[in-house]
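# Chains, contacts and geometry: an overview
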Amino acid sequence: HFVFLRQLDRGDRLRLTDRDGTRDYTVVKTDVVDSRDTAMVIDPGRDRLSLVTCWPFDSPSAGGPMRYVVTALPAGS
């Protein structure tokens, strides 16, 4: 469902809209990680958007251990 993430590059802008309003983020990095040995770090003190999907994108079956992670920070930060 997140196959569009492959098109994102460092510096691209994302707009997130929820019930609290709209916020803009800038992509700061993309990574491919192995979920068996890499944990997602949640830092409640930092405004960050992390989008995660299965990798490789064209895999015939979902649910493998590899993940594609896009990290974005608030625009202008």
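Whatever comes next refers back to the structure up there.
Before going into details, it helps to say that this report is about the structure given with it. Here the structure is a predicted model, which means the values were calculated and not measured.

## Quick look at the packing of aromatic side chains
- Considering all chains together, one arrives at 2 aromatic pairs under this definition.
- On the numbers, 4.9 Å between centres and 65 degrees between planes, the contact of Phe57 with Tyr68 is edge-to-face. Of this pair, Phe57 sits in the loop between strand E3 (49–54) and strand E4 (66–74) while Tyr68 sits in strand E4, and the two are 11 residues apart along the sequence.
- Taking the relative accessible area as the measure of exposure, Tyr68 reaches 9% and is therefore buried.

## Re the environment of Gly11
- Along the chain, Gly11 turns up in the segment before strand E1 (13–18).
- By relative accessible area, Gly11 is classed as partly exposed at 44%.
- The spatial distance from the C-alpha of Gly11 to the C-alpha of Val27 is 5.2 Å, given a sequence separation of 16 residues.
- For Gly11, the contacting residues outside a window of four places in its chain are Thr26 and Val27.

## Describing a nonpolar patch on the surface
- A surface patch of nonpolar side chains, about 300 Å² in accessible area, is lined by Met40, Ile42 and Val52.
- Its place among the elements puts Ile42 in the loop between strand E2 (21–34) and E3.
- When its relative accessible area of 70% is taken as the criterion, Ile42 is described as exposed.

## With respect to the pattern of salt bridges
- All chains considered together, the criterion is met by 4 salt bridges.
- Taking the shortest distance from any N to any O, the salt bridge between Arg23 and Asp18 comes out at 2.7 Å.
- By relative accessible area, Arg23 is classed as partly exposed at 34%.
- A salt bridge links Lys29 to Asp31, with the nearest nitrogen and oxygen atoms 3.7 Å apart.

## As for the nonpolar core
- Formed by Leu5, Leu8, Leu14, Tyr25, Val27, Leu49, Leu51, Tyr68, Val70 and Ala72, the largest nonpolar core amounts to 10 residues.
- For this core, the elements supplying multiple residues, two or more each, are E2, E3 and E4.
- Sequence-distant contacts of Val70, defined by excluding residues within four places in its chain, comprise Leu5, Leu8, Val27, Lys29, Thr30, Leu49, Ser50 and Leu51.

## Things to note about the sheet that holds E3
- Here we have 4 strands laid out as an open sheet, ordered E1-E2-E4-E3, and antiparallel in their pairing. Of all strands in the sheet, those with a lone pairing partner are E1 and E3, marking the two edges. This sheet shows a mean twist of 35 degrees between the axes of neighbouring strands, independent of strand direction.
- Sheet analysis places E1 next to E2, joined by 6 bridges and oriented antiparallel. Following the sheet pairing, Arg15 is matched in E2 by Asp24.

Quick notes on the rules
Residues numbered from 1 in each chain as written. Predicted model: local features only at pLDDT ≥ 70, side-chain atom pairs only at ≥ 80, totals over all residues. Heavy atoms only, no water. Phe/Tyr/Trp six-rings, centres within 6.5 Å; stacked < 30°, edge-to-face > 60°. Helix = DSSP H or I, 4+ residues; strand = E, 2+ residues; numbered from the N terminus. Buried < 20%, exposed > 50% of the residue type's maximum accessible area, 1.4 Å probe, protein only. Contact = heavy atoms within 4.5 Å. Patch = residues over 30% accessible without salt bridge, like charges linked within 9 Å, V, L, I, M, F, W, Y side chains within 5 Å. Areas by Shrake-Rupley, 256 points an atom, 1.4 Å probe, with all protein chains shown as cover. Salt bridge = Lys/Arg side-chain N within 4 Å of Asp/Glu carboxyl O. Core = buried A, V, L, I, M, F, W, Y, C linked by side-chain atoms within 4.5 Å. Pairing = 2+ DSSP bridges. Axes fitted to C-alpha atoms, helices over the stretch in contact; angles between N-to-C directions.

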